[in-house]
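Coordinate inspection notes
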Amino acid sequence: MSQAGIKRSFLARMIPRLTSLARQGPSGWMVIVGIVIVAAIVIMTAISSWIAPYNPIETNVGPLAAPPSSQYPMGTTDLGQDMLSRVLMGGSIMLQVSALSVAICFLIGVPIGLFSSYVGGNFDKAVSLVVDAVYAFPGLVLAIAIASVLGPGVINMALSIAVVYIPSYFRIVRSQVLSIKELTYVEAARSVGAKWHTVLSRYIFPNVFPSIVSVATINFADAILTAAGLTFIGLGVSVDIADWGYDLTNGRKLVPSGIWWVITFPAIMVILLALGFTLVGEGLSEMLNPKLER
Amino acid sequence: MPLLEVDSLTVEYKTNRGRIRAVEDVSFSLEKRETLGLAGESGSGKSTLCLSIIKLVPPPGVITKGNMKIDGIDIMKLPEEKMRSIRGRKVAYVFQDPMTSLNPVKRIGDHFIELIQTHEPTIEKKVAIERIKKILENLGILPERINDYPHQFSGGMRQRIMIGLGIALNPSLVIADEPTTALDVIVQAKILDLLESLRDVYEMALILISHDLSIILERCDKIIVMYAGHMVEYASNIELHKNPKHPYTQGLLRSIPNIELADQKLSAIPGSPPNMLNPPQGCRFWPRCSSAKKKCSVKEPPLVDVGNNHFVRCFYGEEGVVGE
Amino acid sequence: MGLRTYVITRIILTIPTLLLLLTAVFLVMRVLPGDPVALHFEKKATPEQIEQLRRLLGMDKPLWAQYIDYLLGIFDVRYFLQHGYPNLGKSMYQTSEEVGGQIFSAFPATLELAIYSSILASVMGILLGVVSSKKYNSLSDYSIRSFGIVTYAIPVFFLGIVFQLIFGVYLGWLPTGSRITGIDRPAPITGLYTVDSILEGNIIKFVASVRSLILPSMTLGIVLSGVFLRLTRTNMLETLRLEFVTAAKARGLSDSTVTYGYALRNAFLPVLTMMGLQFAMLLSGAVLTETTFSWPGLGRYIYERISYRDYTAIQGAVVMFGLFVTLVSLVVDLLYAYLDPRIRL
């Protein structure tokens, strides 16, 4: 991007990009809707401490386990906490954990994938074998195994989830690199003496990048669901922050007593967030690999 | 009564980016034991035209105008059920690429059995297998290979299997789409000979599609030259040889290398086929035509009868003024 | 190579994969936390108690010795023949209990749930995928696709609770409790209640076991069908464009023959490969589903053991999951080789 020149506002730069996305047809629309949903939730979580009517962890701000009403639009928990505030602020843990795990996956999975497939030969075969074994393993079970020994906490949770999904990045990077590696212009670059890291960063990586973005967004959705799953199993973070995962677990115990609102509203938020990322990911991958020429 | 009659056929593809007139206003007829050659560049509409004859134009393609009759039956209004019984039985289509036209997970025997049992449901499997073995023999394939899979055969053999599937039910019309493009020259000649002998034995009509004009000139009784969806010339083989009238046809004939002329400079038609989303106004060939005049870029020339069952879509012929 | 050679080679290749898997689990569960025994007690025990437990479990030996013990235990055929389950060590929580035995009794429940959920997910997913691909870009296509995307985004335990509420509480059609227990159970032959009740010839027990299976399988099946749906649709869209499909239509073959015998038969192959991987996803989902429905399988076993901090048990269960997945992927690969003649010839 240019250093000098007029700095246009973020929105001004985004709008032409969004309109060109929209013109791509239904897959472009999917991406836009997905981005809007995710952006809305992120913004909501970011400003939640200013707009939340009550302190989400403070007990007894209202009657215990009250159904939704005009004063408490999403009802209260069995401890008298306001659900609306909990819902507004509860996304923070989940977003942090997912973002962190996606970042870890990206920072570890992509370089290993690039390097291993570029080098090729037996090294590549060995690494692939290990990665494939992890990939084939049930994700949540692996995350449970790791999380159970690491203990609670945002970073530990992110690590457990990251280990499960690193193989996806590795594999997609590897398959792309293998197909690009033998293309003539890469060979040409190598024949003029470009060093391997130059070839990787300047020739191969830019072509691999779009697929990685698509994998990353779907990965985000999976991370969110896995984080919810881990919390549900009892391997979540501590209680003194509002967390959708926690409400899902706690809310479930309340359902047999007819208290449906503690689990439902956080669940809807989780669904929306996962949906948003999935839409972006699906839309992107369809734009990259159009099914039919029209 | 002619076996096949096509009248003013127009086929369009309705895509996101616009409408493409892949075939426009094409008319011709075909009798038994006649071979019709369809010549033209890739994208000129030859395959689309022939797929329309069996009403299998892939979406988003639609037949928007015209009439077609097979053996006097109007097939435009024919319901899909009846059309399906014509396909494979009365009209057979042999596809271009033998590598991708056979189902990789089915044995070739099963390809034939399915075909026969679809159209003759009462036939016994044993009888069918005997018939299939005979067909394979006639094609020059060992009958024992009836249980082999497509990938176990070479390209030439696969093409012969495709042809075999085409003639298995004694159709009245066989459409061969570039039957030789994927093959080497020697096998090409064999395949074309095979098609011709089958035509004589079974009294079929044959439509041969090719972008190789020399093959068409060698083997066909009647020839249609296609350009950008238009039928630009339609004449008998002899007429076309003696008296080509359309500049495009002339260009094609000139570009066929002559083995007897030493040091011959290869001539080609300058330019490239038009963008079908936005074809040139007037005659679609005018940007590449050495004889083009002002009129050609404004009005589309109509199809004109120049006698001897010879039709040209051009305002000016080789000699003098033709048409309006 | 013929089918037989391929089968043998593939089976032999399972062994290194298995070893890799077992080593990985060992590394995670024994090496990563440093000292799982201390972790178990959460600093609430005396050093003598910790040492005592460690000796009981054989975890006072050097790490490499523990690794050997661990591998030998799993592959101990004599033990397996004697007990009917592999030696996965003793439970940290109750050292008199064999982890292998506990897992063995929990496993069939998970197996039964996995089978029916897979059937539901694949049948629903594939059929919807085929329909969606044939009606490309129509309203049905978009609705089906949306269904596929949305169902995947729903946390499986939430869907389970919703189903429990709707079908169990409000409509009262189906039991909200878990698997049938006690005298209602059929005599255990395979451990799968549906199969056993048929083998026993008892229709009432069969119906009861089916009824208890419906909600959990439906929950897990629906969430997973989305993946199959999208995958089938994508592959069908590509395959339907291929020339041999048009060639089949040009021969006058019926629509169903072309769709299923030509298009799906070929499009299905990559879907089958995916199925092997999706099975892993199914097991993850099973853990949550079992917890939601109190279904007494491996998933709920893990959930339980987490609260007890019983690391040897968790390790055993994880190993079991790994073995299960390896076996299934082996079966899928063999099936694939049978269906696609190109891969072996």
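Residues numbered from 1 in each chain as written. Chains lettered and ligands numbered in written order. Predicted model: local features only at pLDDT ≥ 70, side-chain atom pairs only at ≥ 80, totals over all residues.

Quick notes on the overall build of chain C
- If you tally the helices and strands in chain C, you get 14 helices and zero strands.
- Ordered by position in the sequence, the α and β elements of chain C form the string α-α-α-α-α-α-α-α-α-α-α-α-α-α.
- Expressed along its principal axes, the backbone C-alpha trace of chain C runs to roughly 80 × 55 × 40 Å.
- Here chain C holds 345 residues, and the buried ones make up 46% of them.
- Long-range contacts, defined here as pairs at least 24 residues apart, represent 68% of the contacts in chain C between residues at least 6 apart. (Helix = DSSP H or I, 4+ residues; strand = E, 2+ residues; numbered from the N terminus. Buried ≥ 20, exposed ≤ 12 C-beta atoms within 10 Å, placed from the backbone. Contact = placed C-beta atoms within 7 Å.)

Comments concerning the overall build of chain A
- When its secondary structure is counted, chain A shows eleven helices and zero strands.
- Counting helices and strands in the order they occur from the N terminus, chain A gives α-α-α-α-α-α-α-α-α-α-α.
- Each of the 294 residues in chain A was classed as buried or not, and the buried ones make up 44%.
- Residue pairs in contact within chain A that sit at least 24 positions apart in sequence constitute 69% of those at least 6 positions apart.

Overview of the interface of chain C and chain A
- Taken together, the contact pairs 43 residues of chain C with 35 residues of chain A.
- If one sorts the elements of the side of chain C that touches chain A by residue count, helix α12 (residues 255-293) of chain C sits on top with eight residues.
- Grouping the constituent residues of the side of chain C that touches chain A by class yields 34 nonpolar, seven polar and two charged. (Nonpolar A, V, L, I, M, F, W, Y, C, P; charged D, E, K, R; others polar.)

Notes on the pairing of strand β6 (residues 91-94) of chain B
Residues and elements named next belong to chain B.
- Here β6 shows no split at all, with Val91 and Tyr93 on one side and Ala92 and Val94 on the other all buried.
- In the sheet, β6 pairs with strand β7 (residues 173-177) via four bridges, with the strands oriented parallel. Opposite Val94, over in β7, you have Ala176 as the bridge partner. (Pairing = 2+ DSSP bridges.)

Side note on the environment of Arg86 of chain A
All names here are of chain A.
- Mapped onto the elements of the fold, Arg86 is located in helix α3 (residues 83-89).
- Judged by the 27 C-beta atoms lying within 10 Å of it, Arg86 falls in the buried class.
- Among residues more than four places away in sequence, those in contact with Arg86 are Pro56, Gln81, Ala242 and Asp247.

Digging into the pairing of strand β4 (residues 61-70) of chain B
Residue and element names in this part refer to chain B.
- In this sheet, β4 lies alongside strand β1 (residues 4-15) in antiparallel orientation, the contact comprising eight bridges. Bridged to Val6 within β4 is Met68.
- Relative to strand β5 (residues 73-74), β4 runs antiparallel, the two being bridged by two bridges. When the sheet's bridge partners are listed, Ile70 is paired in β5 with Ile73.

Here's the deal with the confidence of the model for chain A
All names here are of chain A.
- With 89% of its residues at a pLDDT of 70 or more, chain A has an overall mean of 81.
- No element of chain A has a lower mean pLDDT than helix α1 (residues 10-22), which averages 67, and none a higher one than helix α4 (residues 91-119), which averages 88.
- Confidence over residues 1-7 falls short of pLDDT 50; this stretch has zero contacts with residues more than four positions distant or in other chains. (pLDDT = per-residue confidence, 0-100.)

Brief notes about the confidence of the model for chain C
All names here are of chain C.
- In this model, chain C carries an average pLDDT of 82, and 96% of its residues clear a pLDDT of 70 or more.
- Averaged pLDDT values for the elements of chain C fall to 74 in helix α2 (residues 36-41) and rise to 88 in helix α6 (residues 99-134).
- Scoring the predicted complex yields pTM 0.75 and, for the interface, ipTM 0.82.

Let's talk about the environment of Ser201 of chain A
Residue and element names in this part refer to chain A.
- With respect to the helices, strands and loops of the structure, Ser201 is situated in helix α9 (residues 196-233).
- The exposure class of Ser201 is exposed, given the 12 C-beta atoms found within 10 Å.
- Residues Ser201 and Gly258 lie 57 residues apart in sequence; the distance between their C-alpha atoms is 57 Å.

A look at the nonpolar core
- Of all hydrophobic cores here, the largest spans 246 residues; its most connected members are Val141, Ile144, Ile161, Ile224 and Ala274 of chain A, Ile175 of chain B together with Ala317 of chain C.
- Looking at this core, the element that brings in the most residues is α12 of chain C, giving 17 residues.
- With residues near it in sequence (within four places) discarded, Val141 of chain A still touches Leu283, Ser284, Val287, Val318 and Phe321 of chain C. (Core = buried A, V, L, I, M, F, W, Y, C linked by C-beta atoms within 7 Å.)

Some points on helix α9 (residues 193-200) of chain C
All names here are of chain C.
- Among the residues of α9, Tyr193, Thr194, Asp196 and Ser197 are the ones counted as buried. In an axial view of α9, the angular spread of the buried residues amounts to 165 degrees, which keeps them on one side of the axis.
- Residues of α9 that are buried make contact with α6 and α10 (203-240).
- Positive backbone phi, at 80 degrees, marks Gly201, one or two positions downstream of α9. (Arc of directions from axis to C-beta.)

Details of the packing of α12 of chain C against helix α14 (residues 311-339) of chain C
Residue and element names in this part refer to chain C.
- Interaxial distance between α12 and α14 falls to 9 Å at its minimum, and their mutual angle equals 170 degrees. Considered as vectors, α12 and α14 are oriented roughly antiparallel to each other. Every residue of α14 that contacts α12 at Leu269, Leu272, Thr273, Met275, Gly276, Phe279, Ala280 and Leu283 is listed here: Phe321, Phe324, Val325, Val328, Ser329, Val332, Leu335, Tyr336 and Leu339.
- Across the contact of α12 with α14, the residue classes break down as 14 nonpolar, three polar and no charged. (Axes fitted to C-alpha atoms, helices over the stretch in contact; angles between N-to-C directions. Parallel < 35°, antiparallel > 145°, perpendicular 65-115°, else oblique.)

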